[in-house]
Structures are given as structure tokens and as C-alpha cells.
Amino acid sequence: MPNSDQSRRLEPNQRGTLRLTFRVADGAVHLVSYERLPMICPPSVGEAPQARKNGGFWMELRDGNNHVLFHRLIHSPLIGSVEVHSPDGKIERKFGEVKESIFEVLLPDNPAAESIALIGESLDLSALSAAGAQQRATSTELARFDIPRGEKGDMQ
């Protein structure tokens, strides 16, 4: 019978999670830091969205052939908007100026993964505001990052 402490320990790259911290500033996304965690990554919910077909924001974990291994839906990294509800039932999204935003994403620490892509509608508030007034924008790749190596580190 295996030792209970050994059975709880995770082997490297077996059931690990990669915690990534990103910073959005001046319309650009930067990978600020990363950490490998000995935990099972929370699952992804729903079908994988597709760029140029779906709106919203998500991260994709990709292999060397650019195939999506995993996706994680995220809130807009531009946390500068609110929904305004009027008495007549109309709902509008109002945008404010955002100079900088920081967000974290948990992705599986998959040894086959080579890159991480941020897919989204836009990092330009004026474009999002104009699209909201007309129709929902579609998503494209906004940024791509190589999988960081090592257990933990700062990227800046």
C-alpha cells in the first residue's frame, strides 16, 4: 500500500497548473509573472469559442502545431465599463478611461503546450464602445506568449 503522503504528491507536469499574471496598459498586453502550482487546474466550461466567430475574451493554450489544447473564458481585461439600466428597461454599457489593468489566468501545465494566446474583441475602448452601439464585435488574436520555463518568475 503506497504511503498516503506520496499518493497526494503530484508528479511534475502530471496535474499541475500554470498561474499567469498579465498587465494591460496602453493597448498592449504583457505577461508579468508566472508560477507553477501543484494543483489540478479548474476545468473549462462550455464549448471552445472560435476567433472571428464569437465575441468576448478567452485564453488558449496551444501546441507547436497551433492546435488549441485548452481554453479559458475570461472577463474583459479592460475593467472600465459598467451596465447602466434605465427605468424604460434599456440597458447600455458605458465606458470609462482605463490606464492599466492586471488579471490572472489558471491554465493546465501541459508539457505539449508551447504558447498562450489572448483572444478578444479589442483592447481599444473606443472600438469596443462603437461596436457596442452597433453590433457585437468578433474576436481575434490580441497577443501571444511562449510558455515560460522554470517554476516561478517575473517577466519584466
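As a reminder, the structure under discussion sits directly above these lines.
Everything quoted here is computed from the prediction, not taken from an experiment.

The rules behind the values
- Residues numbered from 1 in each chain as written.
- Predicted model: local features only at pLDDT ≥ 70, side-chain atom pairs only at ≥ 80, totals over all residues.
- Heavy atoms only, no water.
- Helix = DSSP H or I, 4+ residues; strand = E, 2+ residues; numbered from the N terminus.
- Buried < 20%, exposed > 50% of the residue type's maximum accessible area, 1.4 Å probe, protein only.
- Areas by Shrake-Rupley, 256 points an atom, 1.4 Å probe, with all protein chains shown as cover.
- Pairing = 2+ DSSP bridges.
- Axes fitted to C-alpha atoms, helices over the stretch in contact; angles between N-to-C directions.
- Core = buried A, V, L, I, M, F, W, Y, C linked by side-chain atoms within 4.5 Å.
- Contact = heavy atoms within 4.5 Å.
- Phe/Tyr/Trp six-rings, centres within 6.5 Å; stacked < 30°, edge-to-face > 60°.

S.K.: I'm lost on the overall build of the chain in this one. Help?
M.R.: Across its full length, the chain carries two helices and 10 strands. A total of 156 residues make up the chain; the buried ones form 36% of that total. Roughly 10,000 Å² of accessible area belongs to the chain as shown, and the carbon and sulfur atoms make up 48% of that amount.

S.K.: What am I meant to see in the sheet that holds strand 7 (residues 100–108) here?
M.R.: What holds strands together in a sheet is hydrogen bonding between their backbones, with the strands either parallel or antiparallel. With antiparallel pairing, four strands are arranged side by side in an open sheet as 7-1-2-10. Since the sheet does not close on itself, it has two edges, and those belong to strand 7 and strand 10 (152–154), each with one partner. Here the average twist between neighbouring strands, direction ignored, is 20 degrees. Taken together, the nine bridges between strand 1 (residues 17–25) and strand 7 define a ladder with antiparallel strand orientation.

S.K.: Sorry if this is basic, but what is going on with the nonpolar core here?
M.R.: One broad trend across soluble globular proteins is that nonpolar side chains are buried collectively. Within the largest apolar cluster, 23 residues are counted, with the highest numbers of intra-cluster contacts made by L20, F22, V29, M59 and L107. Counting only elements with at least two residues in this core, the list comes to strand 1, strand 2 (28–37), strand 3 (57–63), strand 4 (68–74), strand 7, strand 8 (113–120) and strand 9 (140–146). For this core, the leading source of residues is strand 1, giving four residues. Ignoring sequence-local partners within four residues, the contact set of L20 consists of L31, S33, Y34, F103, E104, V105, L107, I116 and P148.

S.K.: I'm lost on the packing of aromatic side chains in this one. Help?
M.R.: In total, this model carries two aromatic pairs according to the counting rule given. Residues F22 and F103 carry aromatic rings whose centres are separated by 5.3 Å and whose planes lie at 25 degrees to one another, so their mutual orientation is stacked. Of this pair, F22 sits in strand 1 while F103 is found in strand 7, placing the two residues 81 residues apart along the sequence. The exposure class assigned to F22 is buried, which follows from its relative accessible area of 0%. Here F22 and F145 contribute two aromatic rings whose centre-to-centre distance is 5.3 Å and whose plane-to-plane angle is 50 degrees, an arrangement assigned as tilted. A residue pair is termed long-range when its members are at least 10 positions apart, and F22 in strand 1 and F145 in strand 9 qualify at 123 residues.

S.K.: Can you help me understand the pairing of strand 1 in this one?
M.R.: Look at any regular strand and the pattern is simple: side chains alternate between the two faces of the sheet. Taking burial as the measure, the nine residues of strand 1 include seven buried ones, the bulk of the element. Alignment of strand 1 against strand 2, held across nine bridges, turns out to be antiparallel. Each bridged residue has a counterpart across the sheet, and for F22 the counterpart in strand 2 is L31. Linking strand 1 to strand 2, which pair antiparallel, is a turn of two residues; within it D26 sits at a positive phi near 55 degrees.

S.K.: Help me understand the side chain of T21 in this model?
M.R.: Within the element layout of this structure, T21 appears in strand 1. Here T21 is in contact with H30, L31, V32, S33, I102, F103 and E104, once residues within four sequence places are set aside.

S.K.: Sorry, what's going on with the sheet that holds strand 4 here?
M.R.: The strand order across the open sheet built from four strands is 4-3-8-9, with neighbouring strands paired in antiparallel fashion. The open sheet terminates on both sides in strands that have one partner only, identified here as strand 4 and strand 9. Taken pair by pair, the neighbouring strands of this sheet meet at an average axis angle of 20 degrees, ignoring direction. The pairing of strand 3 with strand 4 spans six bridges and is antiparallel. Residue pairing across strands places R62 opposite V68, the latter belonging to strand 4.

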